[in-house]
Amino acid sequence: MRTVPNDATIGVGQRYVRVALVGQPNVGKSSVFRRLTGRYTTVSNFPGTSVELVRGHAHLDWVAVEVTDTPGLHALLPSSDEERVTRRMLVDGGADVIVHVVDAKNLPLQLPLTLQLLELGRPLVLALNIMDEAERVGMRIAHGLLAERLGVPVVAVVAVEGRGIEDLRRAIIHQVTAPLAPVPHYANGVREAIAQIEAQLEGAYPTDRMGIAALVLQGDEEILEMVAAAEPDGGTAARALAARLAAGFGAPAPYRVAVERQRAAEELLRGVVEVAEDETVRWADRLGRQLSRPLFGVPALILVLYVGLYLFVGRLGGGVVVDWLETSVFERWINPQLERLFQGIPWPSVRALYVGEYGMLTLGVRYAMAIVLPIVGAFFLFFSVLEDSGYFPRLALLLDRVFKRLGLSGRAVIPMVLGFACDTMATMVTRTLDTRRERVLATLLLALAIPCSAQLGVILALLAGEPLAVVTWLVAVTGTFLLVGYVGARVLPGERPTFQMEVPPLRRPRLGNVLLKTVTRVQWYFLEVLPLFLLASILLWIGNLTGVWQLVIRGMAPVVAVLGLPVETAQVFLLGFFRRDYGAAGLFDLHQMGLLDPVQIAVAGVTLTLFVPCIAQFLMMVQERGWRVALAMLGFITPFAFGVGFLVNAVLRAVT
Amino acid sequence: MNPVTWLRNGLGALVPRVWGKECPRGTPVPAPGPCADCDSVSLVDLAVRERARVSCLEDPGSAASIRLASAGVLPGTTVRLVQRRPVFVLRMGFSELALDREAASRVRVRREVGEPAR
Ligand SMILES: Nc1nc2c(ncn2[C@@H]2O[C@H](COP(=O)(O)OP(=O)(O)OP(=O)(O)O)[C@@H](O)[C@H]2O)c(=O)[nH]1
């Protein structure tokens, strides 16, 4: 029997047990995480919502634990960046106990990953989640028998209802001190090959050598580097041995290993899973298929956009609610109160910091609360419903062909759609794409042509009632997206991506989860946005006092004039540098004052949509793609946005 | 047996190098490839609702095939094609996997006998 290597037991000075929730995408890891820690991370019905590690603390009985929610993982041999995040954490010994969360009804497909996790030599718990759906389709799992065969606790869980969570807690605690499970046996020489490589390894590793050896056998580059650093001979012997053994398989090693692991899993499940394969085609399945077919899917998409975005977010959120907040709440009630309150301050310039033209309260807070908040709230509500229904993966199937033309695959639809919620978050989600080329293209398109919810909402509210502007905006932004994608795909070298994606079932969104998610997002948004809005107000105030602001505006005036816009819009673009939505809100304000004609609205709307992303997104671009790429994108986007604005103006003026 | 198949089978018997081996019972001879055999067809040749068992993956060392393997598309897995357009969707147990033509054509399957194509 194996023992835990010394450094794997809870380290000196470490006051808690580190528990990692690991599993395939969309199996409910985030839901389990929430049950264990009480901390909310995004739960959605599509693969790839979590792309980074999220930690939370909790007490299981008297034991303090730190629980980590990890990005979905198909196999320990990673094929995308977000999988690499999880893999690195596991291989670096970042978990004292691993909980493998599986979707119970897909246990036969997911058990091979359990076996890989066992190779890492860590205490393990297998959580059979989404047990309710498994029961509903008449699946029975003898989990006692499976536990016996695997040598680890197997717990049935329904995370969304909290069922089985208590058992899961107990199992985790039990595993902290339990002896390790035996390693599964792989036939046809695979197990022996792994053992031979393991015996060859002498260096110190943060995890069990068996897991390392298995990955060396599969030729994993990152692990080979790790071995090269740890071995006295630079890993040459291990590498040579692995190559020799792999050559003896008659098939590429990763494939051979996967096949044997699958067989071992089948063997373990013999007599454990009892199921009548369900062949009834539900109406949800039918609807799901239709949604991904052009004939039905395209009209459905247009309907969703029209009802959800235009009517609900633009008209209701951006129109009715914003009007009410602006006129009845702020103008009639709050602003006069504030003016009176600050009347006591004798110096007008200081007073202006709070309640003047660029005042923190009259501008910053008002923009955030009265214009952006209702719009963003409505958007997040709409978005959460769609997200939980499982509509987005269908959209990915529908758009795969179009995206192929842009050098992307249908997988990129998910980050693009998320971009409409928040481009910053979406830029991070480009990790789920397979190649660097796809990630760069997706990042560029997000920065250029995908307006985030706040911006989109404000712009929709602005355009509402101006059909010419709506159409122009749609054509210009979609055209830019397609054109830049098409050209970009031709300019950037690299191979064509292939498309592979799990399609989760269509589910009825749960009201509780939808509301919770909406509230969490609005809260997060608000906390992120308000300080920036206030900061912008302060900077504007300083600029205004010192005269720098007027100078900059005068400098911008010719640029704005070229676009055929009134000089006041110069400040909108400057505000846009802080956040695009802040700029858009400024535009909205100008429109309310009747300063813009339809052509100008269209031009300003298009330019601002394409314009530089907000500071947060830019920083995320730097984090994910590096300074060089991020700056190059910025250098491309800024003149490009103005160029398109110029073109739109010229065309519209010529036509009308 | 249709004449083309018959001819190809005849040729297959004559030129085993090219066709791999002879295919009995009039099954079409697959195009030569490393994992082609007489009873196996490519996943893209299945009809909607047809059920089959994976026999092998073409070019198993490639990243695309390894990704398929990680998703559970491995020899022995039973799959059912549930959609062909705009992309291929196969059902394995209770989960569904979407593949474009290129990925799907890497999967060679053997039709499950006795399964009526409903
Ligand atoms: N019926 C049912 N649905 C569940 C259960 N647990 C999670 N879900 C649903 O499964 C979907 C995925 O849940 P998440 O918690 O986001 O899954 P995840 O594994 O964190 O997903 P990624 O972050 O994308 O890897 C959501 O729609 C949940 O509501 C469960 O026990 N029963």
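Sequence order as written defines the numbering, with residues in each chain counted from 1. To read the labels, note that chains go from A and ligands from 1, taken in the order they are written. For a predicted model such as this one, the threshold for reporting local features is a pLDDT of at least 70, and the threshold for listing and counting side-chain atom pairs is 80 or more; totals across whole chains, interfaces and linings nevertheless cover every residue. Heavy atoms throughout the structure, all of them, feed into the side-chain values; hydrogens and water do not.

Residues and elements named next belong to chain A. The strand order β2-β3-β1-β4-β5-β7 describes an open sheet built from 6 strands, whose pairing is mixed. Of all the strands in the sheet, just β2 (54–60) and β7 (154–156) have a single pairing partner and so form its edges. The average angle at which neighbouring strand axes cross in this sheet is 25°, direction not considered. Should DSSP find at least two bridges between two strands, the strands are taken to pair. Helix numbering and strand numbering both begin at the N terminus, where a helix is a DSSP run of H or I of at least 4 residues and a strand a DSSP run of E of at least 2. Relative to strand β4 (residues 97–103), strand β1 (residues 17–22) runs parallel, the two being bridged by 4 bridges. Note that in β4 the partner of Leu 21 across the bridge is Val 99. For helices, the fitted axis covers only the stretch in contact; all axes are lines through C-alpha atoms, and the angles between them, taken along N-to-C directions, range from 0 to 180 degrees.

A few words on the confidence of the model for chain A. Residues at a pLDDT of 70 or more form 94% of chain A, whose mean pLDDT is 82. Contacts of residues 1–12 of chain A to residues separated by more than four positions or lying in other chains number 20 contacts, the stretch itself having pLDDT below 50. pLDDT is a per-residue confidence score from the predictor, ranging from 0 to 100. Residues count as neighbours in contact if any of their non-hydrogen atoms are within 4.5 Å of one another.

Residue and element names in this part refer to chain A. Here's how the labels work: a residue is buried when its accessible area is under 20% of the maximum for its type, exposed when over 50%, partly exposed in between, all with a 1.4 Å probe on protein chains only. The element strand β5 (residues 124–129) is largely enclosed, with a buried count of 6 among its 6 residues. Residues Leu 124, Leu 126 and Leu 128 point to one face of β5 and Val 125, Ala 127 and Asn 129 to the other, with burial holding for every one of them. One crossover worth recording links β4 to the parallel β5 by way of helix α3 (residues 107–119), and it is right-handed. One ladder, built from 3 bridges, connects β5 with β7; its direction is parallel. Looking at β7, one finds that Leu 126 is bridged to Val 154. A right-handed crossover is one whose linking path, passing over the helix from the first strand to the second, runs clockwise when the strands point away from the viewer.

Next up on the list: the interface of chain B and chain A. Of the residues lining the interface, 35 residues belong to chain B; the matching set on chain A comes to 37 residues. Regarding the contact of chain B and chain A, the summed buried area is about 3300 Å², with carbon and sulfur atoms giving 53% of it. The working definition used for a salt bridge is a side-chain nitrogen of Lys or Arg within 4 Å of a carboxyl oxygen of Asp or Glu. Between the two partners, chain B and chain A, sit 3 salt bridges. As a salt-bridge pair, Lys 404 of chain A and Asp 100 of chain B come within 2.6 Å of each other at their nearest N and O atoms. Each polar contact in these results corresponds to two N or O atoms within 3.5 Å; when the atoms are within protein, one needs to be able to donate a hydrogen and the other to accept it, and residues that are neighboring in sequence are counted only if both atoms are side-chain atoms. Our count for the chain B to chain A interface comes out at 13 residue pairs in polar contact (both at pLDDT 80 or more). Of all elements in the fold, only β2 (51–57), α3 (63–70), β3 (78–83), β4 (88–92), β5 (95–99) and α4 (101–104) of chain B reach the threshold of two or more residues within the side of chain B that touches chain A. Ranked by the residues each element gives to the side of chain B that touches chain A, the list is headed by α3 of chain B, at 6 residues. Side-chain classes are defined by residue name, with Ala, Val, Leu, Ile, Met, Phe, Trp, Tyr, Cys and Pro counting as nonpolar, Asp, Glu, Lys and Arg as charged, and the others, Gly among them, as polar. Partitioning the side of chain B that touches chain A into residue classes produces 20 nonpolar, 7 polar and 8 charged. Inspection of the sheet shows strand β9 (residues 500–503) of chain A paired to β5 of chain B by 4 bridges, in the antiparallel sense. From the neighbouring strand, Gln 500 of chain A faces β5 of chain B, where its bridge partner is Leu 99 of chain B. A simple way to read buried area is as the amount of 1.4 Å-probe accessible surface that goes missing from two parts once joined, with both sides added.

The next thing to look at is the domain arrangement of chain A. When the parts of a complex come together, some accessible area is lost, and that lost area is often taken as the interface size. Residues and elements named next belong to chain A. Where each domain starts and ends comes from a domain assignment, either automatic or drawn from a database. If you check the domain split of chain A, you get domain 1 (17–177), domain 2 (190–275) and domain 3 (294–655). A straight line from the C-alpha centre of domain 1 to that of domain 3 covers 36 Å. On the domain 3 side, the residues contacting the 24 residues of domain 1 number 25 residues. Buried surface at the junction of domain 1 and domain 3, summed over both partners, amounts to about 2000 Å²; 54% is from carbon and sulfur atoms. At the boundary of domain 1 with domain 3, the tally comes to 1 salt bridge.

Packed helices, taken two at a time, are described by the angle between their axes plus the distance between the axes. Residue and element names in this part refer to chain A. The interhelical angle for the contact between helix α14 (residues 348–355) and helix α15 (residues 360–389), taken along N-to-C directions, is 10°, at an axis separation of 4 Å. Between α14 and α15, the angle is such that the two are roughly parallel. Residue-level inspection shows Leu 353, Tyr 354 and Val 355 of α14 in contact with α15, the latter providing Met 360, Leu 361 and Thr 362. Partitioned by chemical class, the residues of the contact of α14 with α15 number 5 nonpolar, 1 polar and no charged. Angle categories are assigned with fixed cut-offs, so that under 35 degrees is roughly parallel, over 145 is roughly antiparallel, 65 to 115 is roughly perpendicular, and the rest are oblique.

For the rest of this paragraph, the subject is the packing of aromatic side chains. Residues and elements named next belong to chain A. Each Phe, Tyr or Trp ring (for Trp, its six-membered ring) is paired with any other whose centre lies within 6.5 Å, and the angle between the two planes then decides the class: stacked below 30 degrees, edge-to-face above 60, tilted in between. Applying the stated criterion across every chain yields a total of 8 aromatic pairs over all chains. Arranged with centres 6.2 Å apart and planes meeting at 70°, the rings of Phe 379 and Phe 382 form a pair that is edge-to-face. Separated by 3 residues within a single helix, Phe 379 and Phe 382 lie in helix α15, roughly one turn from each other. Judged by relative accessible area, Phe 379 falls into the buried class, the value being 2%. With a centroid separation of 5.7 Å and 20° between ring planes, the pair formed by Phe 379 and Phe 383 is classed as stacked. Placement of the pair is Phe 379 and Phe 383 together in helix α15, with a separation of 4 residues, close to one helical turn. Here a set of aromatic residues connected by ring pairs shows up, and it is made of Phe 379, Phe 380, Phe 382, Phe 383, Tyr 391 and Phe 392.

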